Amino acid sequence: MSNTPLSEAGFETLAIREGLVRGFEQEHSDPIYATSSFVFESAEQAAATFSGERDGNTYSRFSNPTVSVFEKRLAALEGGEDCVATSSGMSAILTLCLTVLKTGDHVVCSRNVFGSTVSLFNNMLTKLGINVSFVALRNLNDWRDAVTPETKLFFCETPSNPICEVGDIRQIAEIAHSVGALLAVDNCFCTPALQKPLAFGADVVMHSATKYLDGQGRVLGGALVGSIELMADVRAFVRVCGPSMSPFNAWVFSKGLETLQLRMDAHSVRAMTLANWLVAHEKVAKVNYCGLATHPDHDLAKTQQSAFGGVLSFEVTGGQAEAWAFINATRLMSLTANLGDVKTTICHPASTTHGRLSDDQKREAGITASLIRIAVGLEDVSDIIADCERGFSAI
Ligand SMILES: *Cc1c(COP(=O)(O)O)cnc(C)c1O
(Lines give C-alpha, C1' and ligand atoms only; values in the text may rest on other atoms or scores of the structure.)
Protein backbone atom coordinates (compact mmCIF):
# COMPACT_ATOMS: atom_id res chain seq x y z
CA MET A 1 0.00 0.00 0.00
CA SER A 2 1.25 3.49 -0.70
CA ASN A 3 0.00 6.96 0.01
CA THR A 4 0.98 9.90 -2.17
CA PRO A 5 2.10 12.98 -0.19
CA LEU A 6 -0.54 15.61 -0.84
CA SER A 7 -0.06 18.30 1.81
CA GLU A 8 0.06 21.13 -0.75
CA ALA A 9 -2.30 19.64 -3.34
CA GLY A 10 -5.30 21.43 -4.82
CA PHE A 11 -8.93 20.34 -4.59
CA GLU A 12 -9.05 18.36 -7.83
CA THR A 13 -5.80 16.53 -7.06
CA LEU A 14 -7.09 15.61 -3.60
CA ALA A 15 -10.37 14.45 -5.16
CA ILE A 16 -8.43 12.02 -7.34
CA ARG A 17 -5.57 10.90 -5.09
CA GLU A 18 -6.19 11.55 -1.38
CA GLY A 19 -6.35 8.33 0.62
CA LEU A 20 -5.50 6.20 -2.42
CA VAL A 21 -4.34 2.70 -1.49
CA ARG A 22 -2.85 0.01 -3.68
CA GLY A 23 -3.11 -3.71 -2.96
CA PHE A 24 -0.51 -6.41 -3.59
CA GLU A 25 -1.08 -6.25 -7.35
CA GLN A 26 -0.22 -2.52 -7.47
CA GLU A 27 -3.46 -1.95 -9.39
CA HIS A 28 -3.92 1.58 -10.72
CA SER A 29 -7.59 1.89 -9.77
CA ASP A 30 -8.45 1.57 -6.07
CA PRO A 31 -9.20 -2.03 -5.06
CA ILE A 32 -12.47 -3.03 -3.36
CA TYR A 33 -11.90 -4.84 -0.08
CA ALA A 34 -15.06 -6.95 -0.19
CA THR A 35 -14.66 -8.62 3.17
CA SER A 36 -16.61 -8.58 6.40
CA SER A 37 -13.61 -9.37 8.61
CA PHE A 38 -9.80 -9.39 8.72
CA VAL A 39 -7.41 -12.11 9.91
CA PHE A 40 -4.43 -11.85 12.26
CA GLU A 41 -1.02 -13.48 12.38
CA SER A 42 -1.17 -14.24 16.09
CA ALA A 43 -3.37 -14.03 19.14
CA GLU A 44 -1.14 -11.17 20.35
CA GLN A 45 -1.70 -9.21 17.14
CA ALA A 46 -5.47 -9.81 17.28
CA ALA A 47 -5.60 -8.58 20.89
CA ALA A 48 -3.52 -5.49 20.10
CA THR A 49 -5.70 -4.62 17.09
CA PHE A 50 -8.98 -5.06 18.97
CA SER A 51 -7.73 -2.98 21.88
CA GLY A 52 -6.59 -0.19 19.53
CA GLU A 53 -2.91 -0.43 20.51
CA ARG A 54 -2.15 -1.38 16.91
CA ASP A 55 -3.68 0.26 13.82
CA GLY A 56 -5.58 -2.15 11.65
CA ASN A 57 -8.97 -3.40 10.58
CA THR A 58 -10.85 -6.05 12.49
CA TYR A 59 -14.40 -6.08 11.15
CA SER A 60 -16.07 -4.03 8.40
CA ARG A 61 -18.80 -2.67 10.66
CA PHE A 62 -15.94 -0.86 12.47
CA SER A 63 -13.68 0.01 9.54
CA ASN A 64 -12.77 -1.19 6.05
CA PRO A 65 -9.87 0.01 3.85
CA THR A 66 -12.12 0.89 0.89
CA VAL A 67 -14.44 2.89 3.13
CA SER A 68 -11.41 4.61 4.70
CA VAL A 69 -10.30 5.85 1.26
CA PHE A 70 -13.65 7.58 0.76
CA GLU A 71 -13.57 9.01 4.31
CA LYS A 72 -10.07 10.44 3.95
CA ARG A 73 -10.83 11.89 0.54
CA LEU A 74 -14.10 13.57 1.57
CA ALA A 75 -12.54 14.93 4.80
CA ALA A 76 -9.76 16.52 2.70
CA LEU A 77 -12.24 18.03 0.25
CA GLU A 78 -14.40 19.54 3.01
CA GLY A 79 -11.31 20.80 4.82
CA GLY A 80 -12.25 18.72 7.88
CA GLU A 81 -10.04 16.72 10.21
CA ASP A 82 -11.93 13.45 9.90
CA CYS A 83 -14.94 11.83 8.24
CA VAL A 84 -17.18 8.89 9.06
CA ALA A 85 -19.13 7.23 6.24
CA THR A 86 -22.62 5.82 6.81
CA SER A 87 -25.11 3.65 4.94
CA SER A 88 -27.28 6.59 3.77
CA GLY A 89 -27.75 10.31 4.24
CA MET A 90 -30.55 9.68 6.72
CA SER A 91 -28.41 7.32 8.79
CA ALA A 92 -25.75 10.06 8.86
CA ILE A 93 -28.25 12.48 10.41
CA LEU A 94 -29.51 9.84 12.86
CA THR A 95 -25.92 8.98 13.79
CA LEU A 96 -25.09 12.62 14.41
CA CYS A 97 -28.20 13.14 16.56
CA LEU A 98 -27.72 10.01 18.66
CA THR A 99 -24.04 10.88 19.11
CA VAL A 100 -24.48 14.45 20.36
CA LEU A 101 -28.03 14.47 21.84
CA LYS A 102 -29.76 12.81 24.77
CA THR A 103 -33.29 12.83 26.19
CA GLY A 104 -34.37 16.36 27.05
CA ASP A 105 -32.11 18.04 24.49
CA HIS A 106 -33.40 20.45 21.87
CA VAL A 107 -32.57 21.04 18.19
CA VAL A 108 -33.13 24.16 16.08
CA CYS A 109 -33.53 23.28 12.41
CA SER A 110 -34.27 25.31 9.29
CA ARG A 111 -37.77 24.68 8.01
CA ASN A 112 -37.10 23.79 4.38
CA VAL A 113 -34.91 20.74 4.96
CA PHE A 114 -35.24 17.39 3.21
CA GLY A 115 -38.63 15.72 3.95
CA SER A 116 -37.24 12.68 5.75
CA THR A 117 -35.08 14.99 7.90
CA VAL A 118 -38.27 16.69 9.09
CA SER A 119 -39.85 13.28 9.81
CA LEU A 120 -36.74 12.09 11.65
CA PHE A 121 -36.83 15.13 13.94
CA ASN A 122 -40.63 15.25 14.32
CA ASN A 123 -41.62 11.58 14.49
CA MET A 124 -38.57 9.60 15.58
CA LEU A 125 -36.42 11.73 17.88
CA THR A 126 -39.47 13.02 19.75
CA LYS A 127 -40.02 9.39 20.89
CA LEU A 128 -36.69 9.68 22.70
CA GLY A 129 -37.69 12.99 24.29
CA ILE A 130 -35.55 15.08 21.92
CA ASN A 131 -37.44 18.15 20.73
CA VAL A 132 -37.02 20.31 17.68
CA SER A 133 -38.04 23.83 16.65
CA PHE A 134 -38.21 24.70 12.96
CA VAL A 135 -37.22 28.22 11.90
CA ALA A 136 -36.97 30.27 8.72
CA LEU A 137 -33.52 29.64 7.22
CA ARG A 138 -32.63 33.29 6.60
CA ASN A 139 -34.31 34.91 9.60
CA LEU A 140 -31.49 35.11 12.17
CA ASN A 141 -33.83 36.37 14.90
CA ASP A 142 -35.88 33.19 14.45
CA TRP A 143 -32.77 31.13 15.18
CA ARG A 144 -31.99 33.23 18.28
CA ASP A 145 -35.57 33.15 19.55
CA ALA A 146 -35.89 29.39 19.19
CA VAL A 147 -33.00 28.65 21.54
CA THR A 148 -33.81 27.06 24.92
CA PRO A 149 -31.43 26.15 27.77
CA GLU A 150 -31.51 22.59 26.33
CA THR A 151 -30.49 23.52 22.77
CA LYS A 152 -27.47 21.41 21.72
CA LEU A 153 -27.67 21.30 17.94
CA PHE A 154 -28.45 23.66 15.05
CA PHE A 155 -29.14 22.02 11.69
CA CYS A 156 -29.61 23.61 8.27
CA GLU A 157 -29.53 22.90 4.57
CA THR A 158 -28.33 25.62 2.19
CA PRO A 159 -29.30 26.32 -0.53
CA SER A 160 -32.75 24.99 0.34
CA ASN A 161 -34.87 22.65 -1.71
CA PRO A 162 -36.80 23.47 -3.89
CA ILE A 163 -36.79 27.28 -3.77
CA CYS A 164 -33.06 27.87 -3.39
CA GLU A 165 -33.07 30.06 -0.28
CA VAL A 166 -29.59 30.59 1.18
CA GLY A 167 -28.71 30.52 4.88
CA ASP A 168 -25.86 32.64 6.24
CA ILE A 169 -23.58 29.89 7.59
CA ARG A 170 -21.20 32.33 9.36
CA GLN A 171 -24.03 34.06 11.24
CA ILE A 172 -25.92 30.88 12.12
CA ALA A 173 -22.67 29.32 13.40
CA GLU A 174 -22.06 32.38 15.55
CA ILE A 175 -25.52 32.14 17.13
CA ALA A 176 -25.08 28.39 17.72
CA HIS A 177 -21.69 28.88 19.36
CA SER A 178 -22.92 31.75 21.54
CA VAL A 179 -25.31 29.28 23.22
CA GLY A 180 -22.87 26.36 23.28
CA ALA A 181 -24.57 24.43 20.47
CA LEU A 182 -23.05 22.75 17.42
CA LEU A 183 -23.98 23.72 13.85
CA ALA A 184 -24.42 20.90 11.32
CA VAL A 185 -24.88 21.78 7.64
CA ASP A 186 -26.39 19.40 5.10
CA ASN A 187 -24.05 20.14 2.14
CA CYS A 188 -25.81 17.84 -0.30
CA PHE A 189 -26.81 20.50 -2.85
CA CYS A 190 -23.44 22.24 -3.22
CA THR A 191 -20.92 19.58 -2.18
CA PRO A 192 -17.42 20.78 -1.18
CA ALA A 193 -16.77 21.54 -4.85
CA LEU A 194 -18.93 24.67 -4.46
CA GLN A 195 -19.20 25.32 -0.69
CA LYS A 196 -17.17 24.35 2.38
CA PRO A 197 -19.34 25.01 5.47
CA LEU A 198 -16.55 24.18 7.96
CA ALA A 199 -14.59 27.18 6.67
CA PHE A 200 -17.51 29.42 7.68
CA GLY A 201 -17.72 28.06 11.22
CA ALA A 202 -19.96 24.99 10.92
CA ASP A 203 -18.92 22.16 13.24
CA VAL A 204 -20.19 19.27 11.15
CA VAL A 205 -20.92 18.75 7.48
CA MET A 206 -23.47 16.09 6.65
CA HIS A 207 -23.86 14.44 3.24
CA SER A 208 -26.27 12.32 1.38
CA ALA A 209 -23.52 10.85 -0.80
CA THR A 210 -26.37 9.28 -2.78
CA LYS A 211 -26.74 12.53 -4.67
CA TYR A 212 -23.85 14.45 -6.23
CA LEU A 213 -20.96 12.58 -4.57
CA ASP A 214 -21.92 9.52 -6.56
CA GLY A 215 -23.41 11.68 -9.28
CA GLN A 216 -24.81 8.83 -11.33
CA GLY A 217 -27.63 7.54 -9.13
CA ARG A 218 -26.16 4.12 -8.40
CA VAL A 219 -25.82 3.62 -4.65
CA LEU A 220 -26.93 4.96 -1.24
CA GLY A 221 -24.55 6.41 1.30
CA GLY A 222 -23.93 9.24 3.72
CA ALA A 223 -21.13 10.91 5.62
CA LEU A 224 -20.29 13.23 8.50
CA VAL A 225 -17.18 15.44 8.51
CA GLY A 226 -15.82 17.33 11.52
CA SER A 227 -13.17 17.46 14.22
CA ILE A 228 -11.14 14.43 15.32
CA GLU A 229 -12.83 14.48 18.74
CA LEU A 230 -16.39 14.63 17.40
CA MET A 231 -15.71 12.03 14.71
CA ALA A 232 -14.24 9.69 17.35
CA ASP A 233 -17.61 9.78 19.12
CA VAL A 234 -19.45 9.35 15.81
CA ARG A 235 -17.23 6.36 14.91
CA ALA A 236 -17.92 4.77 18.28
CA PHE A 237 -21.65 5.05 17.58
CA VAL A 238 -21.35 3.55 14.08
CA ARG A 239 -19.14 0.73 15.40
CA VAL A 240 -21.74 -0.35 17.96
CA CYS A 241 -24.99 0.52 16.19
CA GLY A 242 -23.98 -0.50 12.67
CA PRO A 243 -25.12 2.12 10.11
CA SER A 244 -21.85 1.44 8.26
CA MET A 245 -21.15 2.05 4.57
CA SER A 246 -20.56 -0.98 2.36
CA PRO A 247 -17.11 -1.24 0.67
CA PHE A 248 -18.67 -1.41 -2.79
CA ASN A 249 -20.64 1.78 -2.22
CA ALA A 250 -17.54 3.50 -0.82
CA TRP A 251 -15.63 2.53 -3.97
CA VAL A 252 -18.37 4.04 -6.16
CA PHE A 253 -18.30 7.27 -4.10
CA SER A 254 -14.49 7.55 -4.26
CA LYS A 255 -14.76 7.21 -8.04
CA GLY A 256 -17.49 9.86 -7.99
CA LEU A 257 -15.29 12.28 -6.06
CA GLU A 258 -12.66 12.05 -8.81
CA THR A 259 -14.96 14.02 -11.15
CA LEU A 260 -16.87 16.04 -8.54
CA GLN A 261 -15.53 19.50 -9.39
CA LEU A 262 -15.96 19.00 -13.13
CA ARG A 263 -19.50 17.74 -12.68
CA MET A 264 -20.60 20.44 -10.21
CA ASP A 265 -19.23 23.17 -12.47
CA ALA A 266 -21.01 21.63 -15.46
CA HIS A 267 -24.30 21.20 -13.55
CA SER A 268 -24.04 24.85 -12.48
CA VAL A 269 -23.36 26.17 -15.99
CA ARG A 270 -26.32 24.27 -17.43
CA ALA A 271 -28.66 25.30 -14.58
CA MET A 272 -27.66 28.95 -15.07
CA THR A 273 -28.37 28.74 -18.81
CA LEU A 274 -31.74 27.09 -18.18
CA ALA A 275 -32.64 29.63 -15.45
CA ASN A 276 -31.91 32.56 -17.77
CA TRP A 277 -33.97 30.95 -20.52
CA LEU A 278 -36.90 30.33 -18.14
CA VAL A 279 -36.83 33.92 -16.83
CA ALA A 280 -37.46 35.16 -20.37
CA HIS A 281 -40.33 32.74 -21.06
CA GLU A 282 -43.85 34.18 -21.22
CA LYS A 283 -45.41 31.15 -19.49
CA VAL A 284 -43.13 31.44 -16.45
CA ALA A 285 -44.34 33.41 -13.42
CA LYS A 286 -41.21 33.05 -11.27
CA VAL A 287 -37.79 31.35 -11.28
CA ASN A 288 -36.05 30.30 -8.04
CA TYR A 289 -32.30 29.98 -8.62
CA CYS A 290 -29.78 31.74 -6.39
CA GLY A 291 -27.47 32.21 -9.38
CA LEU A 292 -29.85 34.81 -10.78
CA ALA A 293 -28.91 38.39 -9.81
CA THR A 294 -32.63 38.97 -9.09
CA HIS A 295 -32.76 36.20 -6.46
CA PRO A 296 -32.99 37.77 -2.96
CA ASP A 297 -30.09 35.62 -1.70
CA HIS A 298 -27.79 36.02 -4.71
CA ASP A 299 -25.28 38.29 -2.93
CA LEU A 300 -25.13 36.06 0.14
CA ALA A 301 -24.75 32.95 -2.03
CA LYS A 302 -21.75 34.58 -3.73
CA THR A 303 -19.99 34.99 -0.37
CA GLN A 304 -20.14 31.27 0.46
CA GLN A 305 -20.55 29.39 -2.82
CA SER A 306 -18.23 29.32 -5.85
CA ALA A 307 -21.19 28.48 -8.13
CA PHE A 308 -24.91 27.90 -7.70
CA GLY A 309 -25.44 24.18 -8.28
CA GLY A 310 -27.78 22.16 -10.44
CA VAL A 311 -31.19 22.52 -8.76
CA LEU A 312 -33.71 25.21 -9.69
CA SER A 313 -37.47 25.58 -9.55
CA PHE A 314 -39.99 27.74 -11.35
CA GLU A 315 -43.69 28.53 -11.35
CA VAL A 316 -45.60 28.19 -14.58
CA THR A 317 -48.48 30.56 -15.24
CA GLY A 318 -51.61 28.84 -13.91
CA GLY A 319 -51.85 26.19 -11.22
CA GLN A 320 -51.46 22.46 -10.71
CA ALA A 321 -53.22 21.55 -13.99
CA GLU A 322 -50.68 23.59 -15.98
CA ALA A 323 -47.70 22.27 -13.99
CA TRP A 324 -48.83 18.67 -14.51
CA ALA A 325 -49.49 19.31 -18.23
CA PHE A 326 -45.93 20.64 -18.55
CA ILE A 327 -44.44 17.62 -16.77
CA ASN A 328 -46.52 15.10 -18.72
CA ALA A 329 -45.45 16.60 -22.05
CA THR A 330 -41.70 16.28 -21.38
CA ARG A 331 -39.89 13.31 -22.93
CA LEU A 332 -36.21 13.62 -21.97
CA MET A 333 -36.22 14.54 -18.28
CA SER A 334 -36.86 11.72 -15.79
CA LEU A 335 -39.98 12.21 -13.69
CA THR A 336 -38.55 11.31 -10.29
CA ALA A 337 -37.93 12.95 -6.94
CA ASN A 338 -34.21 12.15 -7.01
CA LEU A 339 -31.50 14.69 -7.81
CA GLY A 340 -27.74 14.90 -8.13
CA ASP A 341 -27.57 12.71 -11.22
CA VAL A 342 -26.11 13.14 -14.71
CA LYS A 343 -29.69 12.58 -15.87
CA THR A 344 -31.91 15.64 -15.53
CA THR A 345 -34.88 15.03 -13.24
CA ILE A 346 -38.18 16.87 -12.95
CA CYS A 347 -40.83 16.78 -10.24
CA HIS A 348 -43.88 18.59 -8.87
CA PRO A 349 -42.93 19.24 -5.23
CA ALA A 350 -46.45 20.13 -3.99
CA SER A 351 -47.80 16.66 -4.85
CA THR A 352 -44.67 14.53 -4.31
CA THR A 353 -41.62 15.50 -2.21
CA HIS A 354 -43.60 18.04 -0.18
CA GLY A 355 -47.05 16.43 -0.57
CA ARG A 356 -47.46 15.74 3.13
CA LEU A 357 -47.10 19.39 4.17
CA SER A 358 -50.29 21.22 5.13
CA ASP A 359 -51.44 24.09 2.91
CA ASP A 360 -50.07 26.57 5.47
CA GLN A 361 -46.70 24.81 5.57
CA LYS A 362 -46.56 24.79 1.76
CA ARG A 363 -47.33 28.50 1.66
CA GLU A 364 -44.59 29.24 4.22
CA ALA A 365 -42.13 27.12 2.26
CA GLY A 366 -43.01 28.83 -1.05
CA ILE A 367 -44.27 25.58 -2.58
CA THR A 368 -47.15 26.58 -4.83
CA ALA A 369 -49.31 24.31 -6.99
CA SER A 370 -47.66 25.71 -10.12
CA LEU A 371 -44.08 25.04 -8.92
CA ILE A 372 -41.86 22.62 -10.85
CA ARG A 373 -38.37 21.56 -9.74
CA ILE A 374 -35.67 20.59 -12.19
CA ALA A 375 -32.36 19.08 -11.08
CA VAL A 376 -30.30 19.85 -14.16
CA GLY A 377 -28.15 16.94 -15.32
CA LEU A 378 -25.31 16.83 -17.80
CA GLU A 379 -27.15 16.31 -21.09
CA ASP A 380 -26.74 19.03 -23.75
CA VAL A 381 -28.52 22.05 -22.36
CA SER A 382 -30.13 22.61 -25.78
CA ASP A 383 -31.89 19.25 -25.38
CA ILE A 384 -33.04 20.13 -21.85
CA ILE A 385 -34.43 23.42 -23.16
CA ALA A 386 -36.12 21.61 -26.08
CA ASP A 387 -37.78 19.32 -23.53
CA CYS A 388 -39.04 22.37 -21.60
CA GLU A 389 -40.42 23.74 -24.89
CA ARG A 390 -42.48 20.53 -25.17
CA GLY A 391 -43.74 21.20 -21.64
CA PHE A 392 -44.71 24.80 -22.37
CA SER A 393 -46.51 23.85 -25.61
CA ALA A 394 -48.86 21.69 -23.52
CA ILE A 395 -49.95 24.65 -21.37
C1 LIG B 1 -31.50 12.74 -0.27
C2 LIG B 1 -31.22 13.71 0.78
C3 LIG B 1 -31.03 13.31 2.10
C4 LIG B 1 -31.17 11.87 2.55
O5 LIG B 1 -30.19 11.06 2.00
P6 LIG B 1 -30.38 9.50 1.69
O7 LIG B 1 -29.05 9.11 1.15
O8 LIG B 1 -31.51 9.35 0.70
O9 LIG B 1 -30.70 8.82 2.97
C10 LIG B 1 -30.73 14.28 3.03
N11 LIG B 1 -30.60 15.58 2.69
C12 LIG B 1 -30.79 16.00 1.42
C13 LIG B 1 -30.64 17.44 1.10
C14 LIG B 1 -31.10 15.09 0.42
O15 LIG B 1 -31.31 15.52 -0.83
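Residues numbered from 1 in each chain as written. Predicted model: local features only at pLDDT ≥ 70, side-chain atom pairs only at ≥ 80, totals over all residues. Heavy atoms only, no water.

1. Focus on empty space enclosed by the protein
Then step 1. Counted according to the given criterion, the structure contains two cavities of 30 Å³ or more.
Then step 2. Lining the largest cavity are 14 residues, with Arg61, Phe62, Ser63, Val67 and Glu71 sitting closest to its centre.
Then step 3. Those elements that place two or more of their residues in the lining of the largest cavity are helix H3 (65-78), strand E1 (82-86) and helix H9 (228-241).
Then step 4. The dominant element in the lining of the largest cavity, judged by the number of residues it contributes, is H3, at three residues. (1 Å grid on protein atoms, 1.4 Å probe; cavity = no way out; pocket = protein on both sides within 12 Å on 5 of 7 lines; lining within 4 Å. Points joined across faces, edges and corners; volume = space filled by probe spheres on them. Helix = DSSP H or I, 4+ residues; strand = E, 2+ residues; numbered from the N terminus.)

2. A word on the packing of aromatic side chains
Then step 1. Taken as a whole, this structure holds eleven aromatic pairs when the rule is applied.
Then step 2. With centroids separated by 5.3 Å and ring planes inclined at 25°, the aromatic side chains of Trp143 and Phe154 adopt a geometry described as stacked. Within this pair, whereas Trp143 is found in helix H6 (residues 140-146), its partner Phe154 is found in strand E4 (residues 151-157), the two being separated by eleven residues in sequence. Here the two residues Trp143 and Phe154 agree in accessibility, since each one is buried.
Then step 3. Pairwise contacts between aromatic rings join Trp277, Phe314, Phe326 and Phe392 into one cluster.
Then step 4. Directly above the aromatic system of Phe114 lies the positively charged group of Lys211, at a separation of 4.8 Å from the ring centroid.
Then step 5. Its end group placed over the ring of Phe62, Arg239 keeps NZ or CZ at 3.9 Å from the ring centre. (Phe/Tyr/Trp six-rings, centres within 6.5 Å; stacked < 30°, edge-to-face > 60°. Buried < 20%, exposed > 50% of the residue type's maximum accessible area, 1.4 Å probe, protein only. Lys NZ or Arg CZ within 6 Å of the ring centre and 35° of its normal.)

3. With respect to the nonpolar core
Then step 1. Phe70, Leu74, Leu213, Val225, Met245, Phe253 and Leu257 are the most contacted members of the largest nonpolar core, which has 35 residues in total.
Then step 2. Breaking this core down by element, the ones donating at least two residues are helix H1 (11-17), H3, E1, helix H8 (191-194), strand E7 (222-226), helix H10 (247-258) and helix H11 (260-279).
Then step 3. The greatest single-element share of this core, amounting to five residues, is contributed by H3.
Then step 4. A domain-level breakdown of this core finds at least three residues from each of domain 1 (6-258) and domain 2 (260-393).
Then step 5. Excluding its chain neighbours within four sequence positions, the residues that come into contact with Phe70 are Ala85, Ala209, Leu213, Gly222, Ala223, Met245, Ala250, Phe253, Ser254 and Leu257.
Then step 6. Counting 28 residues, the second largest nonpolar core, distinct from the first, contains Leu278, Leu292, Ala323 and Phe392. (Core = buried A, V, L, I, M, F, W, Y, C linked by side-chain atoms within 4.5 Å. Domains from an automatic or database assignment. Contact = heavy atoms within 4.5 Å.)

4. Here we look at the pattern of salt bridges
Then step 1. This structure, assessed with the given rule, holds 14 salt bridges.
Then step 2. Here Asp82 and Arg235 are joined by a salt bridge, their closest N and O atoms 3.1 Å apart. With Asp82 in strand E1 and Arg235 in helix H9, this pair connects stretches of sequence that are 153 residues apart.
Then step 3. The class for Arg235 is partly exposed, based on a relative accessible area of 26%.
Then step 4. Measuring nitrogen to oxygen at the nearest pair gives 2.7 Å for the salt bridge that ties Asp214 to Arg218.
Then step 5. Relative accessible area serves as the criterion here: at 45%, Arg218 is assigned to the partly exposed category. (Salt bridge = Lys/Arg side-chain N within 4 Å of Asp/Glu carboxyl O.)

5. Topic: the sheet that holds strand E11 (residues 345-347)
Strand pairing in a sheet takes place through backbone hydrogen bonds and is either antiparallel or parallel in direction.
Then step 1. Spatial ordering of the open sheet is given by E8-E9-E12-E11-E10, a layout of five strands whose pairing is mixed. With partners counted over all chains shown, the strands left at the sheet margins are strand E8 (284-288) and strand E10 (334-335), one partner each.
Then step 2. Bridge analysis of E8 against strand E9 (residues 311-316) gives four bridges, and the strand direction is antiparallel. Across the sheet, Val284 pairs through a bridge with Val316, a residue of E9.
Then step 3. This element, H11, spans E8, E9 and strand E12 (371-375) of the sheet and lies at about 15° to E9. (Pairing = 2+ DSSP bridges. Axes fitted to C-alpha atoms, helices over the stretch in contact; angles between N-to-C directions.)

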